[in-house]
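Chain by chain, the residues run as shown.
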Amino acid sequence: MKRWSTYAVCSVVVVGLVVGLLWSRLDGPGREGILWAAGLALPVQWAAFALLLGLRERSQGFLLALAGGTMARLGVLGAAGVVVTVVETGVGVGALLLGLAGFLFLLALLEAFFLRGGNVMRQPG
């Protein structure tokens, strides 16, 4: 639980820093889009990381969790893309989709740092 909590806090800090850096370069709809991207990316990543931590001790659990997390990330990105192209939201489409893809990628890379040092996969003995 401590590893997940630390990951959650660090992911909020990383996303907050990126949003802060982009804030002055974006217009109103772009700012709204990047905030939506951050709000969507964080819970998806937290769930994917929790799945990874929970299944890594089981046989083939690590690979199952990686596949599930990847499908969740792509599903959220695809669903967001469909929603913003079909529904008139007023949100900056480019900022939302590029921000979401960037956040998901960046936070997936951050997962590796928090998996270091532990037994990532149960090795057959």
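Structural data are supplied above this passage.
A brief structural summary. Quantities reported herein were computed from a predicted structural model and do not represent experimental measurements.

**A short note on the overall build of the protein**
For the protein, the count of helices and strands is four helices and zero strands. Taken from the N to the C terminus, the helices and strands of the protein come in the order α-α-α-α. The principal-axis extent of the C-alpha atoms belonging to the protein is close to 55 × 30 × 15 Å. Taken over 125 residues, the protein has a buried fraction of 33%. Considering only residue pairs separated by 6 or more positions, the protein has 78% of its internal contacts joining residues 24 or more positions apart. As displayed, the protein offers around 7,300 Å² of accessible surface, 72% of which is attributable to carbon and sulfur atoms. Between the mean site of the 9 positive side-chain charges and the mean site of the 5 negative ones, the protein shows a separation of 17 Å.

**Let's talk about the pattern of salt bridges**
Summed over the entire model, instances satisfying the criterion amount to one salt bridge. Between Glu-111 and Arg-73 there is a salt bridge, with the nearest N and O atoms lying 2.8 Å from each other. Here the residue Glu-111 occupies a position in helix α4 (residues 93–115), and Arg-73 occupies one in helix α3 (residues 61–86), the gap between them amounting to 38 residues. Both residues of the pair, Glu-111 and Arg-73, count as buried.

**Re helix α1 (residues 2–23)**
Between its first and last C-alpha atoms α1 spans 31 Å; for 22 residues at 1.5 Å apiece the expected length is 32 Å, and the two agree. Along α1, the positions that sit buried rather than exposed are Tyr-7, Ala-8, Ser-11, Val-15 and Val-19. The buried residues of α1 all sit within an arc of 100 degrees when viewed along its axis, so they share a single face. Seen from the open side of α1, the exposed residues pointing more than 90 degrees away from its buried face are Lys-2, Val-9, Leu-17 and Leu-21. Packing partners of the buried residues in α1 comprise α2 (28–55) and α4.

**Digging into the nonpolar core**
Ranked by size, the top nonpolar core spans 26 residues in total, and within it Val-15, Phe-49 and Phe-103 carry the most contacts. Excluding residues within four positions of it along the chain, Phe-49 makes contact with Arg-3, Trp-4, Tyr-7, Glu-111, Phe-114 and Leu-115.

**Section: unusual backbone geometry**
Positive phi outside glycine occurs at Gln-60, with the angle close to 65 degrees. Secondary-structure assignment places Gln-60 in the loop between α2 and α3.

**Quick word on the packing of aromatic side chains**
Inspection of the entire model under this criterion finds five aromatic pairs. Between the aromatic rings of Phe-113 and Phe-114, the centroid separation amounts to 5.4 Å while the plane-to-plane angle is 90 degrees, which identifies the pairing as edge-to-face. In this structure an aromatic cluster arises from ring pairing among Tyr-7, Phe-49, Phe-113 and Phe-114.

About the cut-offs
- Residues numbered from 1 in each chain as written.
- Predicted model: local features only at pLDDT ≥ 70, side-chain atom pairs only at ≥ 80, totals over all residues.
- Heavy atoms only, no water.
- Helix = DSSP H or I, 4+ residues; strand = E, 2+ residues; numbered from the N terminus.
- Buried < 20%, exposed > 50% of the residue type's maximum accessible area, 1.4 Å probe, protein only.
- Contact = heavy atoms within 4.5 Å.
- Areas by Shrake-Rupley, 256 points an atom, 1.4 Å probe, with all protein chains shown as cover.
- Lys, Arg positive; Asp, Glu negative; His and termini not counted.
- Charge placed at Lys NZ, Arg CZ, Asp CG, Glu CD.
- Salt bridge = Lys/Arg side-chain N within 4 Å of Asp/Glu carboxyl O.
- Expected span 1.5 Å × (residues − 1).
- Arc of directions from axis to C-beta.
- Core = buried A, V, L, I, M, F, W, Y, C linked by side-chain atoms within 4.5 Å.
- Phe/Tyr/Trp six-rings, centres within 6.5 Å; stacked < 30°, edge-to-face > 60°.

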